[in-house]
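Each chain is listed here by its residues.
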Amino acid sequence: MEVETSSGTAERGAGAGAGAQQQPPPPPQPPAKKKRALPGMPDPDAEVIALSPKTLLATNRFVCEICNKGFQRDQNLQLHRRGHNLPWKLRQRSGKEVRKRVYVCPEPTCVHHDPSRALGDLTGIKKHFCRKHGEKKWKCDKCSKKYAVQSDWKAHTKTCGSREYRCDCGTLFSRRDSFITHRAFCDALAEESAKARAAPPPPADEDGTSASAGAPPPQAPLPPPAPAPAPAPPPPQAAAPAPAAQPEQREAVPVPP
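Just so we're clear, the structure is a prediction, and the values are computed from it rather than from any experiment. (Residues numbered from 1 in each chain as written. Predicted model: local features only at pLDDT ≥ 70, side-chain atom pairs only at ≥ 80, totals over all residues. Heavy atoms only, no water.)

Enquirer: How should I be thinking about unusual backbone geometry in this particular structure?
Expert: Peptide bonds are trans in most cases, and residues, glycine excluded, mostly fall at negative phi. Backbone geometry places Asn68, a non-glycine residue, at a positive phi of 60°. Along the chain, Asn68 turns up in the loop between β2 (62-63) and β3 (70-71). Note on Asn68: relative accessible area 60%, which makes it exposed. Backbone geometry at Asn85 places phi at a positive 55°, although glycine is not the residue there. Mapping Asn85 onto the fold places it in the loop between α3 (74-81) and β4 (101-104). (Helix = DSSP H or I, 4+ residues; strand = E, 2+ residues; numbered from the N terminus. Buried < 20%, exposed > 50% of the residue type's maximum accessible area, 1.4 Å probe, protein only.)

Written as structure tokens, this is what we have:
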């Protein structure tokens, strides 16, 4: 019995030591986020297609010869022709692999004009050209904002006026990104104003007036005026000529007879 007890005690001690040495497993690491590729990073083996601005801006490239209804895709026109009992045909995908196509922007100054930054679908290049380089002819009646793509205008009109973001200064915004941009500027301006108010006032002069009260800066004393030159002495005057001596007149003495 003593042997069994001692062995059981030893086993329990060994189990306790093993449990103390065992550490909990580290927490699982979150999966690394996949870096999102920039728009316009196509496959280098893709076929590069350059369409003219007229083609990109065309709304109805495929027109029904019966009702003159236009469609942007030939597939949609073919499905429409079924309603007129006209022959129609959808393009079938072939078994061989089709080379991928990418589209460049026709604007030479655009970043997507470079084939290495071409866009991967026709709808994307059309919307890009309209948004960045096209005329904004769709205008919101509530906020007067203009859009070049009709779908963008429709999405804006659904939420315009229903979501309002109010800044502390009283300005209203319907878009959150515009509100955040304005709020950052408004907060920076308020911080600068608070710093200006917290700055100590300039020291006052002896008479109690502030040194920065708009008084002109003190001017240097003017030098004393130069002494006037002494007047020149008058020229010496010539002495008056002495009067001429007159002959002395003597009285005539009568001669006795």
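From this point on, the discussion continues.
Enquirer: How do you make sense of the nonpolar core when you look at a structure like this?
Expert: Grouped burial of nonpolar side chains is what soluble globular proteins tend to show. Judged by nonpolar contacts, Ile49, Leu56, Tyr103, Cys105, Cys110, Leu119, Ile125 and Phe129 together constitute the single largest core of 8 residues. Contact partners of Cys105, with chain neighbours within four places excluded, come to Cys110, His112, His113, Ile125, His128, Phe129 and His133. (Core = buried A, V, L, I, M, F, W, Y, C linked by side-chain atoms within 4.5 Å. Contact = heavy atoms within 4.5 Å.)

Enquirer: Would you take a moment to explain the pattern of salt bridges for this structure?
Expert: Note on pairing: side chains with opposite charge can pair once their charged atoms come close. The final tally for this structure, using the stated rule, is 6 salt bridges. Its salt-bridge partner being Glu47, residue Arg101 comes within 3.8 Å of it at the nearest N-O pair. Separated by 54 residues along the polypeptide, Arg101 in strand β4 and Glu47 in strand β1 (residues 47-50) bring together distant segments of the chain. Taking relative accessible area as the criterion, Glu47 reaches 30% and is therefore assigned partly exposed. A salt bridge links Arg81 to Glu65; the shortest N-O distance between them is 2.5 Å. In this pair, Arg81 is assigned in helix α3 and Glu65 in the loop between β2 and β3, connecting sequence segments 16 residues apart. By relative accessible area, Arg81 is classed as buried at 13%. The class of Glu65 is partly exposed, set by a relative accessible area of 48%. Among the charged side chains, a salt-bridge network with shared partners connects Asp168, Arg183 and Asp187. (Salt bridge = Lys/Arg side-chain N within 4 Å of Asp/Glu carboxyl O.)

What is shown is where atoms sit, not what they do.
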